[in-house]
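# Structural overview for review
Listed below, chain by chain, are the residues.
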Amino acid sequence: MSNDNKGPQGHGGGHNDDITLEVATPNGVFRGTFDKNTKIEDVIKTVVADRKLSVGDTFELFSGETQLTPVQRPLVSFGFSGTVKLTLVAAGSGV
Amino acid sequence: MPTASELAVTAEFPALEENALLLGWKLERLSPTSFALTMPASDGTFFSVLCVCDRYSAEPPAWHWYNADTKQVDQLRDTPKEVGFFHPSGVICAPWNRLAYKSVDPRGPHDDWQIGHWRSNPQTGGCKTLGAMAQRIALELKLRMQGRRAA
């Protein structure tokens, strides 16, 4: 299920402006490289499309317990560099 | 010949395996339609769930709190204290958990949800696959868990 991808603004592995993401999703792991200035909302769109998740559903991106919001912020603003492990979680609960 | 439930679990299991490897979960398939999953919580301990999918996906799976050593389910010491969708009755209260339906389990808080319509329940959101459900439980354990219901 996993796949290696270059994000839409990636410049290739090893570039100082790149951040490599490993993202656990409801449909397996996404791996891809993005420019550090890529916005979170664009990361989510790329991962949703690549993992063939339903675009009509709501997804939230987390680094550990920290939700990456607002989604207009770029990756680099969260202090990320190198390879980063994230989780893309579908909204949905009850109570 | 495999049942529809067995085929559904087999189709979705690789995604669970990938996430388990990346996130450090312990995943064990116990039968063609059941598996156990152990995930870290915010206090550094681990919680386990037993997912029973014998009528999946016509009905949602049953997510039990689980003790991998004793094989018991839904014991207080293996169940998080109530917070968020960790309901005081001891079940995970979500339309994607069969145990949340009073028609299935007397602890189930909901007699107003139709189990056959679980996918279209607005509160299901994107939690329509085993991988999505497992991620949601893992996140709640990390974000909101406040200890166990018994020592």
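No experiment lies behind these values; they were computed from the predicted model shown. (Residues numbered from 1 in each chain as written. Chains lettered and ligands numbered in written order. Predicted model: local features only at pLDDT ≥ 70, side-chain atom pairs only at ≥ 80, totals over all residues.)

Below, the discussion takes up the overall build of chain A. A count of helices and strands for chain A gives one helix and six strands. Starting at the N terminus and walking to the C terminus, you meet the elements of chain A as β-β-β-α-β-β-β. The proportion of buried residues among the 95 residues of chain A is 37%. Taking all contacts inside chain A whose residues are at least 6 apart in sequence as the whole, residues at least 24 apart take part in 67%. (Helix = DSSP H or I, 4+ residues; strand = E, 2+ residues; numbered from the N terminus. Buried ≥ 20, exposed ≤ 12 C-beta atoms within 10 Å, placed from the backbone. Contact = placed C-beta atoms within 7 Å.)

Our next topic: the overall build of chain B. On a plain count of helices and strands, chain B comes out with two helices and four strands. Secondary structure elements in chain B, listed N-terminal to C-terminal, are α-β-β-β-β-α. Relative to its length of 151 residues, chain B is compact, with a C-alpha radius of gyration of 14 Å against a globular reference of 15 Å. Counting over 151 residues, chain B shows a buried share of 44%. Taking as baseline every contact in chain B between residues at least 6 positions apart, the subset at least 24 positions apart corresponds to 44%. (Rg over C-alpha atoms; globule rule 2.2 N^0.38 Å.)

On to helix H1 (residues 40-50) of chain A. All of the buried residues in H1(A) are A:Ile40, A:Val43, A:Thr46, A:Val47 and A:Val48. One or two positions beyond H1(A), positive phi appears at A:Lys52, with a value near 60°.

Right, let's get into the nonpolar core. As a rule of thumb, nonpolar side chains are buried together in soluble globular proteins. Of all hydrophobic cores here, the largest spans 59 residues; its most connected members are A:Val23, B:Val49, B:Cys51, B:Ile92 and B:Ile137. Here this core gets eight residues from one element, more than from any other, and that element is helix H2 (residues 130-143) of chain B. Sequence-distant contacts of B:Cys51, defined by excluding residues within four places in its chain, comprise B:Ser34, B:Phe35, B:Leu37, B:Pro61, B:Trp63 and B:Leu130. (Core = buried A, V, L, I, M, F, W, Y, C linked by C-beta atoms within 7 Å.)

Here the focus is the sheet that holds strand E1 (residues 26-31) of chain B. All names here are of chain B. The four strands are arranged E1-E2-E3-E4 in an open sheet whose pairing can be described as antiparallel. The sheet terminates laterally at E1 and strand E4 (62-66), the two strands that pair on one side only. The average angle at which neighbouring strand axes cross in this sheet is 25°, direction not considered. With five bridges joining them, strand E3 (residues 46-52) and E4 adopt antiparallel strand pairing. Within the sheet, the bridge partner assigned to serine 48 lies in E4 and is tyrosine 66. Across the face of the sheet, H2 comes into contact with strand E2 (34-40), E3 and E4 while running at roughly 30° to E2. (Pairing = 2+ DSSP bridges. Axes fitted to C-alpha atoms, helices over the stretch in contact; angles between N-to-C directions.)

Glancing now at the interface of chain A and chain B. Taken residue by residue, the interface counts 23 residues in chain A and 26 residues in chain B. Listed by contribution, the elements that provide at least two residues to the side of chain A that touches chain B are strand E2 (18-25), strand E3 (28-35), strand E4 (59-63) and strand E6 (82-90) of chain A. Ranked by residues supplied to the side of chain A that touches chain B, first place goes to E6(A) with four residues. Of the residues in the side of chain A that touches chain B, the class split is 10 nonpolar, nine polar and four charged. (Nonpolar A, V, L, I, M, F, W, Y, C, P; charged D, E, K, R; others polar.)

So, about unusual backbone geometry. Note: most residues except glycine have negative phi, and most peptide bonds are trans. Between A:Thr69 and A:Pro70 the backbone carries a cis peptide bond, its omega angle lying at -10°. On the secondary structure map, A:Pro70 appears in the loop between strand E5 (66-67) and E6. Each neighbour pair has its own omega, and for B:Tyr56 with B:Ser57 the value is 5°, a cis peptide bond. For B:Ser57, the location among the structural elements is in the loop between E3 and E4. Look at A:Lys52: it is not a glycine, yet its phi comes out positive at around 60°. Tracing the backbone through its elements, the reader meets A:Lys52 in the loop between H1 and E4. Classification of A:Lys52 as exposed rests on a count of 11 C-beta atoms within 10 Å.

Taken residue by residue, chain A gives an average pLDDT of 87. The fraction at 70 or more is 81%. In the predicted structure, residues 9-13 of chain A sits below a pLDDT of 50 and forms 12 contacts with residues beyond four places in sequence or in another chain. (pLDDT = per-residue confidence, 0-100.)

In this section: the environment of B:Gln114. Residues and elements named next belong to chain B. Looking at the element boundaries, glutamine 114 is found in the loop between E4 and H2. For glutamine 114, a count of 12 C-beta atoms within 10 Å translates into the label exposed. Separated by 34 residues in sequence, glutamine 114 and arginine 148 have C-alpha atoms that sit 30 Å apart.

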